[in-house]
Amino acid sequence: MERIPILQLQQFLLVTIQVELHDQLAITLQDDLTEKLSTSRAKGVLIDISALDIVDSFIGRTLAHIASMARIMDAATVLVGMRPAVAITLVELGMSLKGIDTALNVDKGMALLTELSKSAESR
Amino acid sequence: MSQVQGLTTVLEESEQSILQNWIKLQVETSGSRGLIKEAELRNQATNFLSVFRNAVQENAGEQQQGPAWDEVRTFLSALSASRALQGFSPSDTALFVFSLKQPLFEAVQATTRNSEQLVDELRLVTSLLDKLGLYTFEAYQRSREQVIQRQQQELLDLSTPVVELWDGILALPLIGTLDSERTQTVMESLLEGIVAHEATIAIIDITGVPTVDTLVAQHLLKTVAAARLMGAQCIISGIRPQIAQTIVHLGVDLGDVTTKSSLSEALRLALQKNGQTIAPLAKH
């Protein structure tokens, strides 16, 4: 079955979505990621959606769910690389993904994730 | 089909005199003298007569179908478009076709003896030229509308510049009313600016926005939300006293968007968020 790879990079999980994310694939990703979070004890998740042309309301909601799930499993989530057209569509759909931190690219996302996990540790 | 043959003969035989009278009439009646040279007018008139004659010869039905009529229409479209750009008035443009009626009538009258046939031919000429005249008018209007649309687009683009104030700090000075269409353009240019400059902070300056009502506020919040999805934080600056009052009276909730009264305050905050500061030089 088609799966989206989840890479571990030091204490973070790196998810790069390179294929069209259809509904079933998104649910599989959600399962895999929560599983991986519990086994790896990662402190953060970085989801790169720079290859996604289309994000519909279901995918948007699933991404928001993944972020909430990661939070209660003590990991921060940063969504990076959203395209302008996708951002406009999501806002028009009324989904501003309030709970998720965002960054422009993987580089900035990594910096933000490091910062977030540091501030979480100091608490 | 006798009236068609009659008309064709008239067009062939009295071409020169029709042309002479037509051009004279156009020069006399035209209110926009000097916009076009007589030589150019003569050239246009000659060309039109020749395509018109071809079309009549091929198919003089009142439906005006077939490749020859298409050619006539293409010619008229080009003529109307060029006249619209040259600044002719709509009636002057339509006059190009309508003023052909009189010389053509005269030519038909001079050659046709049979009164019944004369009536038929005149009716045909009127019907053909009326249709072409209306078509000219429509084509004129189309090209004017294109001009207006292009200007509107230019106005939209002009009024939404995205400037880089500092490394990673963008400013978007908004001028004029924000409607949904402009919000769309503003949003697009801001998001593209964020990608191009790798910006982390965007300052939206609304000093030039005359009024902020619930709809405008909603549009602003949408823009802020979209920028946030791209990983950029937004600061809204340039909130004038009246605007602050309106926003509060209307009960608009700007949420957790940072607002500053002036662009300089916003820049100071943005620099601070980026871990930078502007300090006076130490004196030696």
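Residues numbered from 1 in each chain as written. Chains lettered and ligands numbered in written order. Predicted model: local features only at pLDDT ≥ 70, side-chain atom pairs only at ≥ 80, totals over all residues.

Peer 1: Even after reading the chapter, I still don't get the overall build of chain A, so can you show me in this structure?
Peer 2: A tally of regular secondary structure across chain A gives four helices and five strands. Expressed as a percentage of the 123 residues in chain A, the buried residues total 39%. (Helix = DSSP H or I, 4+ residues; strand = E, 2+ residues; numbered from the N terminus. Buried ≥ 20, exposed ≤ 12 C-beta atoms within 10 Å, placed from the backbone.)

Peer 1: Quick question: what am I supposed to make of the overall build of chain B here?
Peer 2: Along its length, chain B carries 11 helices and five strands. Per-residue burial over chain B gives 31% buried out of 284 residues.

Peer 1: So what exactly am I meant to see when it comes to the interface of chain A and chain B here?
Peer 2: How big an interface is tends to be expressed through the accessible area that disappears when the partners come together. Each side of the interface is counted separately: chain A has 13 residues, and chain B has 15 residues. Broken down by secondary-structure element, the contributors of at least two residues to the side of chain A that touches chain B are α3 (84-92) and β5 (101-103) of chain A. With five residues, the top contributor of residues to the side of chain A that touches chain B is α3(A). Classifying every residue of the side of chain A that touches chain B by side-chain character gives 10 nonpolar, two polar and one charged. (Contact = placed C-beta atoms within 7 Å. Nonpolar A, V, L, I, M, F, W, Y, C, P; charged D, E, K, R; others polar.)

Peer 1: Can you walk me through the packing of helix α2 (residues 15-29) of chain B against helix α6 (residues 101-111) of chain B in this structure?
Peer 2: Between two packed helices, the angle of one axis relative to the other and the distance separating the axes together describe the packing. Residue and element names in this part refer to chain B. Close contact between α2 and α6 brings their axes to 8 Å; oriented N to C, the two are set at 150 degrees. In terms of orientation, α2 and α6 fall into the roughly antiparallel class. Along this stretch, α2 crosses α6, giving a crossing that reads as right-handed. For the pair α2 and α6, contact is made by Ser17, Ile18, Asn21, Trp22 and Leu25 and by Gln102, Pro103, Leu104, Glu106 and Ala107, respectively. Partitioned by chemical class, the residues of the contact of α2 with α6 number six nonpolar, three polar and one charged. (Axes fitted to C-alpha atoms, helices over the stretch in contact; angles between N-to-C directions. Parallel < 35°, antiparallel > 145°, perpendicular 65-115°, else oblique. Left-handed = near helix turned anticlockwise from the far one by under 90°.)

Peer 1: Looking at this structure, how should I read helix α5 (residues 90-98) of chain B?
Peer 2: Since the α-helix packs 3.6 residues into each turn, any two residues three or four apart lie on the same face. Buried within α5(B) we find B:Asp92, B:Thr93, B:Ala94, B:Leu95, B:Phe96 and B:Val97. Turning to α5(B), the residues buried within the fold contact α2, α4 (67-86) and α7 (115-158) of chain B.

Peer 1: Looking at this model, I keep getting lost on the sheet that holds strand β4 (residues 233-237) of chain B. Mind explaining?
Peer 2: Each strand in a sheet pairs with its neighbour through backbone hydrogen bonds, running either in the same direction (parallel) or in the opposite one (antiparallel). Residue and element names in this part refer to chain B. In spatial order, the strands read β1-β2-β3-β4-β5; together these five strands make up an open sheet with mixed pairing. On the outer flanks of this sheet lie β1 (163-166) and β5 (258-259), each paired with one strand and no other. Strand direction decides the pairing type here: β4 and β5, joined by two bridges, are parallel. Looking across to β5, one finds that Ile235 is bridged to Thr258. Helix α9 (residues 214-229) contacts β3 (201-208) and β4 of the sheet and is inclined by roughly 150 degrees relative to β4. (Pairing = 2+ DSSP bridges.)

Peer 1: Just to check I follow, could you spell out the nonpolar core for this structure?
Peer 2: Nonpolar side chains in soluble globular proteins tend to be buried together. Residue and element names in this part refer to chain B. In this structure, Ala202 and Ile203 are the most contacted members of the largest nonpolar core, which totals 73 residues. Sequence-distant contacts of Ala202, that is, excluding residues within four places in its chain, are made with Leu170, Leu172, Leu190, Ile194, Ala227, Ala232 and Cys234. If you look at the next biggest cluster of nonpolar residues, it comprises 28 residues, including Val10, Leu79, Val108 and Ala139. (Core = buried A, V, L, I, M, F, W, Y, C linked by C-beta atoms within 7 Å.)

Peer 1: When you look at the environment of B:Leu190 in this model, what are you seeing that I'm missing?
Peer 2: Residue and element names in this part refer to chain B. The residue Leu190 is located in helix α8 (residues 180-197) in this model. A residue is classified by how many C-beta atoms lie within 10 Å of it, and Leu190, with 25 of them, is buried. Separated by 34 residues in sequence, Leu190 and Val224 place their C-alpha atoms 9.9 Å apart. Leu190 has contacts with Val162, Leu172, Ala202, Thr223 and Ala227, leaving out every residue within four places of it along the chain.

Peer 1: Looking at this structure, I do not really get the sheet that holds β5(A). What am I missing?
Peer 2: Residues and elements named next belong to chain A. Judged by pairing direction, the sheet is mixed, and its five strands sit side by side in the order β1-β2-β3-β4-β5 without closing on themselves. Every interior strand has two partners, whereas the edge strands, β1 (6-9) and β5, have only one. On average, each strand axis in the sheet is inclined to that of its neighbour by 25 degrees, with strand direction left out of account. For strand β2 (residues 12-16) and strand β3 (residues 44-48), the ladder comprises five bridges, and the chain directions are parallel. Its bridge partner being in β3, Phe12 is matched across the sheet by Gly44. Against the sheet, helix α2 (residues 57-72) touches β3 and β4 (76-80), its axis set at about 150 degrees to β4.

Peer 1: When you look at the environment of B:Ala244 in this model, what are you seeing that I'm missing?
Peer 2: Along the chain, B:Ala244 falls in helix α10 (residues 241-250). Spatially, the C-alpha atom of B:Ala244 lies 9.4 Å from that of B:Ser261, the residues being 17 residues apart in sequence.

Peer 1: Would you explain unusual backbone geometry in this entry?
Peer 2: Apart from glycine, the bulk of residues carry a negative phi angle, and the bulk of peptide bonds sit in the trans form. Residues and elements named next belong to chain A. Located in the positive-phi region is Arg41, a residue other than glycine, with phi close to 55 degrees. If you trace the backbone, Arg41 turns up in the loop between α1 (23-40) and β3. Assessed through the 11 C-beta atoms surrounding it within 10 Å, Arg41 is described here as exposed. One non-glycine residue, Asp74, lies in positive phi territory at about 65 degrees.

Peer 1: Quick question: what am I supposed to make of the pairing of β1(B) here?
Peer 2: The side chains of a regular strand alternate between the sheet's two faces. Residue and element names in this part refer to chain B. The sheet contact formed by β1 and strand β2 (residues 169-175) spans three bridges and is antiparallel. Paired with Glu164 across the strands is Leu170, a residue of β2. Counting the residues between successive antiparallel strands, the hairpin from β1 to β2 contains two residues, one of them, Gly168, with a positive phi of roughly 75 degrees.

Peer 1: I keep staring at the packing of α8(B) against α9(B) and nothing clicks. Help me out?
Peer 2: All names here are of chain B. The N-to-C vectors of α8 and α9 enclose an angle of 20 degrees; their axes lie 10 Å apart at closest approach. Classed by the angle they form, the pair α8 and α9 counts as roughly parallel. Handedness of the α8/α9 crossing: right-handed. Taken together, the residues of α9 that come into contact with α8 (itself represented by Ser180, Thr183, Val186, Met187, Leu190, Leu191 and Ile194) are His219, Lys222, Thr223, Ala226 and Ala227. Along the lines of polarity and charge, the residues of the contact of α8 with α9 split into seven nonpolar, four polar and one charged.

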